Amino acid sequence: MKVTIIGAGAIGGLIGTRLAATGEAQVSALARGATLAALRERGWRVRQGEALIAAPVAAAHPVEEAGKLGVQDLVVIAVKGPALSQVAASVTPLLGPQTIVLPAMNGVPWWFCKGVAPFGDAPLASVDPDGAIGAAIAQANVLGCVVHASATTPEPGLVDHRMGRGLIVGEPAGGMSERVQRLAALLERAGFEAKASENVRLDIWYKLWGNLTMNPVSAITGATIDRLLDDPLVREFCSAAMREAAAIGARIGCAIDQSPEDRHAVTAKLGAFKTSMLQDVEAHRPIELDALVSVVREIGQRVQVPTPNIDALLGLARLFGRVHGLY
């Protein structure tokens, strides 16, 4: 089986290393700079506690060498949202009619509302403003994915896997298929807690429902999750935004049967946890605001659900990002 990982950072490196370690797949990576050099010198590396998992990798530059890898069976896209439009073109030479494209990314993906009333085939401007991503990657190749894992990259090419092994995969249109079941089984053999979902859009929206508020609020304040939830005013602001997102979900076939307080109780179990957006701020990396917040506002406007709290959150987080050169 031929697999290529686009974005060999924390999540991409975790998935690539574990797939390569099974011996069932020839796993390549498209990377740049120090990460490309590290992969060529040392291969895949994932650290879990005191243990180190290592595996070989064919590392290539996404612009200069992607075409040399040939058609793949599986392409995992694990870049940050702001980088996706830049790498979409590098996916094209890897695609054949049966290639699976698995975006292992945060937030709402570019394909999420395609074919869903009232969106039709119109792209989501927040995450695919000119439709270039959808044009480069055919919908027929895509499977939805939700990642429930936390990892960091303490140095280029090395992944520190902290917790979680959950991966949910499913058909964008819903239902069950043979390719979803095959991929879930492969990921299970690679050491993930993989689930084949009949409604991956709901799984994506449910994860977003929590990240929508926790990520940007933590980025703006610098606070860990426990401190956000311990402040009653901040907690209620997050709850109000989540109620708006739940109302939007009900209009697009992604109804959530929990209350914000139910979700807060789950999130509180993480303790003094730094969200991915807070980690990006501390590392001076661009923040994934559009795929987590802007797109929710856009969808809300399309289905005519008022979003005053989400609007306020977006305005504050967007201004914060611009002032600090992160958006």
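Residues numbered from 1 in each chain as written. Predicted model: local features only at pLDDT ≥ 70, side-chain atom pairs only at ≥ 80, totals over all residues. Heavy atoms only, no water.

Participant: What is the right way to read the state of the cysteines from this model?
Facilitator: Such a bond, covalent and formed between the sulfur atoms of two cysteines, is termed a disulfide. What the rule picks out here adds up to 0 disulfides. Not part of a disulfide, C113 finds its nearest cysteine sulfur in C254, a span of 8.0 Å. C113 gets classed as buried once you look at its relative accessible area, which sits at 1%. (Disulfide = S-S within 2.5 Å. Buried < 20%, exposed > 50% of the residue type's maximum accessible area, 1.4 Å probe, protein only.)

Participant: Explain the domain arrangement of the protein chain to me, please; I cannot follow it from the model alone.
Facilitator: How large an interface is tends to be reported as the accessible area lost when its parts come together. Assigned domains within the protein chain: domain 1 (2-198) and domain 2 (202-324). The C-alpha-based centres of domain 1 and domain 2 are spaced at 24 Å. At the interface, 29 residues of domain 1 touch 24 residues of domain 2. A buried area of about 2300 Å², summed over both sides, lies between domain 1 and domain 2, and 63% of it is on carbon and sulfur atoms. At the boundary of domain 1 with domain 2, the tally comes to 2 salt bridges. A salt bridge links D280 to K80, with the nearest nitrogen and oxygen atoms 3.2 Å apart. The interface formed by domain 1 and domain 2 includes 11 residue pairs in polar contact (both at pLDDT 80 or more). Taken together, the elements giving at least two residues each to the side of domain 1 that touches domain 2 come down to strand 8 (144-155), strand 9 (158-170) and strand 10 (193-197). At 6 residues, strand 8 tops the list of elements feeding residues into the side of domain 1 that touches domain 2. (Domains from an automatic or database assignment. Contact = heavy atoms within 4.5 Å. Buried area = accessible area lost by both parts, 1.4 Å probe. Salt bridge = Lys/Arg side-chain N within 4 Å of Asp/Glu carboxyl O. Polar contact = N/O pair within 3.5 Å; in protein donor to acceptor, adjacent residues only side chain to side chain. Helix = DSSP H or I, 4+ residues; strand = E, 2+ residues; numbered from the N terminus.)

Participant: Looking at this structure, how should I read the pattern of salt bridges?
Facilitator: A side chain of one charge can pair with a side chain of the opposite charge if their charged atoms are brought near each other. All told, the structure shown has 15 salt bridges when counted by the stated rule. Put simply, D160 and R47 hold a salt bridge, and the shortest N to O gap is 3.6 Å. Placement of D160 in strand 9 and of R47 in strand 3 (residues 44-48) is noted, with a sequence separation of 113 residues between them. Residue R47 is classed as partly exposed on the basis of its relative accessible area, which comes to 31%.

Participant: So what exactly am I meant to see when it comes to the nonpolar core here?
Facilitator: Within soluble globular proteins, side chains that are nonpolar tend to cluster in buried spots. With 63 residues, the main nonpolar core has I77, F112, L124, I137, W205, V296 and I299 as its most contacted residues. Secondary-structure elements contributing two or more residues to this core are strand 6 (74-77), helix 3 (84-91), helix 4 (132-136), helix 6 (200-221), helix 8 (232-251), helix 10 (276-282), helix 11 (289-302) and helix 12 (308-323). Among the domains, domain 1 (2-198) and domain 2 (202-324) are the pair contributing at least three residues each to this core. Setting aside residues no more than four positions away along its own chain, W205 makes contact with V108, F112, A245, I248, G249, I252, C254, I256, V296 and I299. Counting 41 residues, the second-largest nonpolar core is a separate cluster that includes I11, L19, L183 and F192. (Core = buried A, V, L, I, M, F, W, Y, C linked by side-chain atoms within 4.5 Å.)

Participant: How do you make sense of the packing of helix 8 against helix 9 (residues 260-268) when you look at a structure like this?
Facilitator: Geometrically, a packed helix pair is captured by the angle between its two axes and the distance between the axes. Running from N to C, helix 8 and helix 9 point in directions that differ by 120°, and their axes come no closer than 9 Å. As the angle between them shows, helix 8 and helix 9 are arranged oblique. Taken as a pair, helix 8 and helix 9 cross one another with a handedness that is right-handed. For the pair formed by helix 8 and helix 9, the contact residues are R235, C238, S239, M242 and R243 on the first element and P260, E261, R263 and H264 on the second. (Axes fitted to C-alpha atoms, helices over the stretch in contact; angles between N-to-C directions. Parallel < 35°, antiparallel > 145°, perpendicular 65-115°, else oblique. Left-handed = near helix turned anticlockwise from the far one by under 90°.)

Participant: Looking at this model, I keep getting lost on the side chain of K207. Mind explaining?
Facilitator: Checked against the element boundaries, K207 lands in helix 6. For K207, the side chain forms a polar contact with the main-chain oxygen of V147, separated by 2.5 Å. With residues up to four places along the chain from it excluded, the contact list for K207 reads N106, V146, V147, H148 and R263.

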